[in-house]
Amino acid sequence: MNFPVPVSTDELLSNAAKEELYLKLIEQINKDFNLANEGIDFRLSTSPEELKIQLHEKIYRLIQYKFAEYLNLLYIIDVPEDQVKRLDGSDIVELSEQVTFLILKREWMKVWFRNRY
């Protein structure tokens, strides 16, 4: 079975919940952010909507104030560089939202494959 590539953050979070992998997704996000020394500590009770908003805010702040750490985080999570380069960086709010989706997509892929194989 091929990885079902989500088209939006909402679809991704909905799929994670449906497959009962949402908690694993939160754990994966916490783990990778901590590996990048960008401690984020989402509780397992965090709702998908809260996760989306808080992650977006975190990425926005990293792009604004800690760009080297932001790049390191993308490297640790293994977000494809070509996908990041294709984004329009003229609006930081929009950019951080798109990067949040790329991060979630990569984390979801890790969790999904680990669950399958």
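Details of the structure are given in the entry above.
Along each chain, the written sequence defines residue order, and numbers are assigned to residues from 1. Totals for whole chains, interfaces and linings use all residues, but because this is a predicted model, local features are given only for residues with pLDDT of at least 70 and pairs of side-chain atoms are given and counted only at 80 or more. Only hydrogens and water are set aside when side-chain values are computed; all heavy atoms of the structure are taken into account.

### Quick look at the overall build of the protein
Move 1: In terms of helices and strands, the protein carries 6 helices and 0 strands.
Move 2: Scanning the protein from its N terminus toward the C terminus, one meets helices and strands in the order α-α-α-α-α-α.
Move 3: Once the C-alpha set of the protein is aligned to its principal axes, its extents read approximately 35 × 30 × 25 Å.
Move 4: Exposure classes here rest on a 1.4 Å probe applied to the protein chains alone. A residue is buried below 20% of its type maximum, exposed above 50%, and partly exposed in between. Considering the protein as a whole, with its 117 residues, one finds that 42% of them fall into the buried category.
Move 5: Each charge class in the protein can be summarised by its mean position, and for the 15 positive and 20 negative side chains these summaries are 5 Å apart. Strands here are runs of E lasting at least two residues and helices are runs of H or I lasting at least four, both read from the DSSP assignment and numbered beginning at the N terminus. Charge assignment: positive for Lys and Arg, negative for Asp and Glu; neither His nor the chain ends contribute. To locate a charge, take atom NZ for lysine, CZ for arginine, CG for aspartate or CD for glutamate.

### Remarks on the nonpolar core
Move 1: Think of a nonpolar core as a cluster: buried Ala, Val, Leu, Ile, Met, Phe, Trp, Tyr and Cys residues, connected wherever their side-chain atoms sit within 4.5 Å. Ranked by internal contacts, the top residues of the largest apolar core, which has 33 residues, are Ile-29, Phe-33, Ile-59, Ile-103 and Trp-108.
Move 2: Taken together, the elements giving at least two residues each to this core come down to helix H1 (9-18), helix H2 (22-35), helix H3 (48-65), helix H4 (67-77) and helix H6 (92-116).
Move 3: Top contributing element to this core by residue count: H6, with 9 residues.
Move 4: We call two residues contacting when some pair of their heavy atoms lies within 4.5 Å. Once residues lying within four places of it in the same chain are set aside, the contact partners of Ile-59 are Phe-33, Tyr-70, Leu-73, Ser-96, Val-99, Thr-100 and Ile-103.

### Quick notes on H2
Move 1: Along its 14 residues, H2 runs 20 Å from first to last C-alpha, staying within 8% of the 20 Å computed at 1.5 Å per residue.
Move 2: All buried positions along H2 are accounted for by Tyr-22, Leu-25, Ile-26, Gln-28, Ile-29, Asn-30, Asp-32 and Phe-33.
Move 3: The elements touched by buried residues of H2 are H1, H3, H4 and H6.
Move 4: At the C-terminal side of H2, Asn-37 shows a positive phi close to 60°. In this analysis, the expected span of each helix is defined as 1.5 Å times one less than the number of residues it contains.

### Here's the deal with the packing of H1 against H6
Move 1: An axis is simply a line fitted to the C-alpha atoms; with a helix, the fit covers only the stretch in contact. Between two such axes, the angle follows the N-to-C directions and lies from 0 to 180 degrees. Closest axis-to-axis distance for the H1/H6 pair is 10 Å, and the angle between their directions is 25°. It follows from the interaxial angle that H1 and H6 lie roughly parallel. In the packing of H1 onto H6, the handedness of the crossing is left-handed. Contact with H1, carried on its side by Thr-9, Leu-12, Asn-15 and Ala-16, involves Phe-101, Leu-104, Lys-105 and Trp-108 of H6 and no other residues of that element.
Move 2: Among the residues making up the contact of H1 with H6, the classes are represented as 5 nonpolar, 2 polar and 1 charged. Working definition: roughly parallel below 35 degrees, roughly antiparallel above 145 degrees, roughly perpendicular at 65 to 115 degrees, and oblique for all remaining angles. Each crossing gets its hand from how the near helix is turned against the far one by less than a right angle, where anticlockwise is left-handed and clockwise is right-handed. Residues are sorted three ways: Asp, Glu, Lys and Arg are charged, Ala, Val, Leu, Ile, Met, Phe, Trp, Tyr, Cys and Pro are nonpolar, and all the rest, Gly among them, are polar.

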